[in-house]
Amino acid sequence: MDLGVRWKLHGDGKVPAPGAVVRPDERLSWPRTAGLGAQHVVAMFGASFVAPVLMGLDPNLAIMMSGVATVIFLLATRGRVPSYLGCSLSFVGVAAVIRAQGGTSATVTGAVLVVGVALFLVGLAVQRFGARIIHAAMPPVVTGAVVMLIGFNLAPVTASTYWPQDQWTALFVMLFTGLAVVCLRGFWSRIAIFLGLVFGYVLSWALDRIFGKIHSVDGSGKLTDHWRLDFSAVGRADWIGLPSFHGPSFEWSAILVALPVVIALIAENAGHVKAVGEMTGDNLDDKLGTAISADGIGSVLSTAVGGPPNTTYSENIGVMAATRVYSTAAYWAAAGFALLFGLCPKFGAVVAAIPGGVLGGITVILYGMIGLLGAQIWTNARVDLRNPLNLVPAAAGIIIGVGNVSMKFTDTFSLSGIALGTLVVITGYHALRAFAPAHLKTQQPLLDEGTSSYDEKTGSGGDGGGGQRAKS
């Protein structure tokens, strides 16, 4: 059985010829391949360790399990889809909501594990029936609205938890990160969030040396005098050791909050597989279902031991676009480096020491960017928001999700925020479409252009069908 772990040497294994690309089944010399793998780790590093911190999970375990998930993905796709699986930012809001309801880390990972199972099943369905089922159930108007409400639902977390801990540090970190995202080019722009964290670390250290302790709320919400940057736990941490594991706990209220994120993950995977196919020149439509299922399996394994979920990373796709090296051998090297990082508790302690004010500045931009990916999906798919069939369910669902509107059905069961907003968007769109007059709807294309290269070209229908999905 071909598992995609054999590579032909590209040229002399040194520098590709001008205009040449290193294909997925090729590699450069092993030292150069290892260097490319290290570059992929740096590219995914920023978001992959910010996400578990924001979710309240162990960053060491997150990095380690990202390596495991990447290995599973490469084996499942037989080395045809070069991609790295890092910690998904789509679940940050879900974790915040679950914890606000009194949930623990086990509750968070249990809810996300169920989402991983759902994603795996969706992948099997796509393998069986093709990409058309994605478009039929979740046209771009629905997908965009759900991604938007997931991102914007996070705004209160920044406003009430992180920003008040050190408003001035948060402000300067926000400004620096914004400049980095806009002004830097190439690879450096891909790690702008990471650079913002480094800047925040240095700034917090300097302010502690100059002004001493700050009088503000700490991470627990208690008003007190405290250091902005506390490295006491770093000194106590070992250099080598296993990360902290825990088992999942399953609660229906938490699962219902997390399930809508599966829509965002499907959109991410579809866009990323399409992007990789365009770069490599390979038709990867037959691997879309496999990629989605592999993502689900990786998330299930990670959350089963207490880690965060994983998804394909656009940061690493950007590295491939810049280097034109699509070798899956480099991703195997990246996975190996990630496993080694996970065995260093001192690294995890450094990550856990990120000051709240720094996270405040980062999340103002990060959460907004997550939400606006929904708008990007609408734009790429040419969704017509002048059409009330699109406008009404999207508007209602987004306000419910962002405002955290709640509906109580019984004394023990209620829906609110992300879960209720997603339900309103999906059911509202399909219900309204069933009763809408003919002039408000057009025939849906059978296949989704965002995931298939053999569609017939269609115009911008009233429901936004026929466009490409966002490559988040």
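Scope of this entry: the structure provided in the associated data block. (Residues numbered from 1 in each chain as written. Predicted model: local features only at pLDDT ≥ 70, side-chain atom pairs only at ≥ 80, totals over all residues. Heavy atoms only, no water.)

Turning next to the pattern of salt bridges. Where charged atoms of side chains with opposite charge meet at close range, the side chains can pair. Counted according to the given criterion, the structure contains five salt bridges. Among the salt bridges present, the one from R228 reaches D166, with a minimum N-O distance of 3.2 Å. Placement of the pair is R228 in the loop between β5 (223-226) and α11 (232-236) and D166 in the loop between α7 (155-162) and α8 (167-183), with a sequence separation of 62 residues. Among the residues examined, D166 registers a relative accessible area of 5% and is labelled buried. (Salt bridge = Lys/Arg side-chain N within 4 Å of Asp/Glu carboxyl O. Helix = DSSP H or I, 4+ residues; strand = E, 2+ residues; numbered from the N terminus. Buried < 20%, exposed > 50% of the residue type's maximum accessible area, 1.4 Å probe, protein only.)

The next point concerns unusual backbone geometry. Peptide bonds are, in most cases, trans, and in most cases residues other than glycine have a negative phi. At R78, a position not held by glycine, the phi torsion is positive, near 55°. Its place among the elements puts R78 in the loop between α2 (59-76) and β3 (85-87).

Here we come to a nonpolar patch on the surface. Together, L242, F245, L340 and L343 make up a nonpolar patch on the protein surface, roughly 410 Å² of accessible area in all. Position of L343 among the secondary structure elements: in the loop between α16 (328-342) and α17 (345-352). For L343, a relative accessible area of 31% corresponds to the partly exposed category. (Patch = residues over 30% accessible without salt bridge, like charges linked within 9 Å, V, L, I, M, F, W, Y side chains within 5 Å. Areas by Shrake-Rupley, 256 points an atom, 1.4 Å probe, with all protein chains shown as cover.)

What follows covers the packing of helix α6 (residues 140-152) against helix α19 (residues 388-403). Two elements in contact, α6 and α19, have axes whose closest approach is 8 Å; the angle formed by their N-to-C orientations is 20°. Classed by the angle they form, the pair α6 and α19 counts as roughly parallel. Between α6 and α19 the crossing geometry is right-handed. Counting all contacts with α6, which are made through V141, A145, M148, L149 and F152, the residues of α19 involved are N390, A394, G397, I398, G401 and V402. (Axes fitted to C-alpha atoms, helices over the stretch in contact; angles between N-to-C directions. Parallel < 35°, antiparallel > 145°, perpendicular 65-115°, else oblique. Left-handed = near helix turned anticlockwise from the far one by under 90°. Contact = heavy atoms within 4.5 Å.)

Here the structure, examined in full by the defined rule, presents two aromatic pairs. When the ring of W7 is compared with that of W30, the centres are 5.9 Å apart and the planes differ by 85°; the resulting orientation is edge-to-face. Taken together, the residues W7 in the segment before β1 (8-9) and W30 in helix α1 (residues 30-55) connect sequence positions 23 residues apart. On the basis of relative accessibility, which here comes to 19%, the residue W7 falls in the buried class. An angle of 5° between the planes, with centres 4.3 Å apart, marks the rings of F176 and F199 as stacked. Separated by 23 residues along the polypeptide, F176 in helix α8 and F199 in helix α10 (residues 192-211) bring together distant segments of the chain. Taking the ring centre of W227 as reference, the NZ or CZ of R209 above it sits at 5.8 Å. Against the face of W239 rests K346, its NZ or CZ located 5.1 Å from the ring centre. (Phe/Tyr/Trp six-rings, centres within 6.5 Å; stacked < 30°, edge-to-face > 60°. Lys NZ or Arg CZ within 6 Å of the ring centre and 35° of its normal.)

At their nearest, the axes of α8 and α10 sit 9 Å apart, and the two run at 150° to each other. In this structure, α8 crosses over α10, and the sense of that crossing is right-handed. Of α10, the residues touching α8 (which contributes T169, F172, V173, F176, T177, A180 and V181) are A192, I193, L195, G196, F199, G200, L203, S204 and L207.

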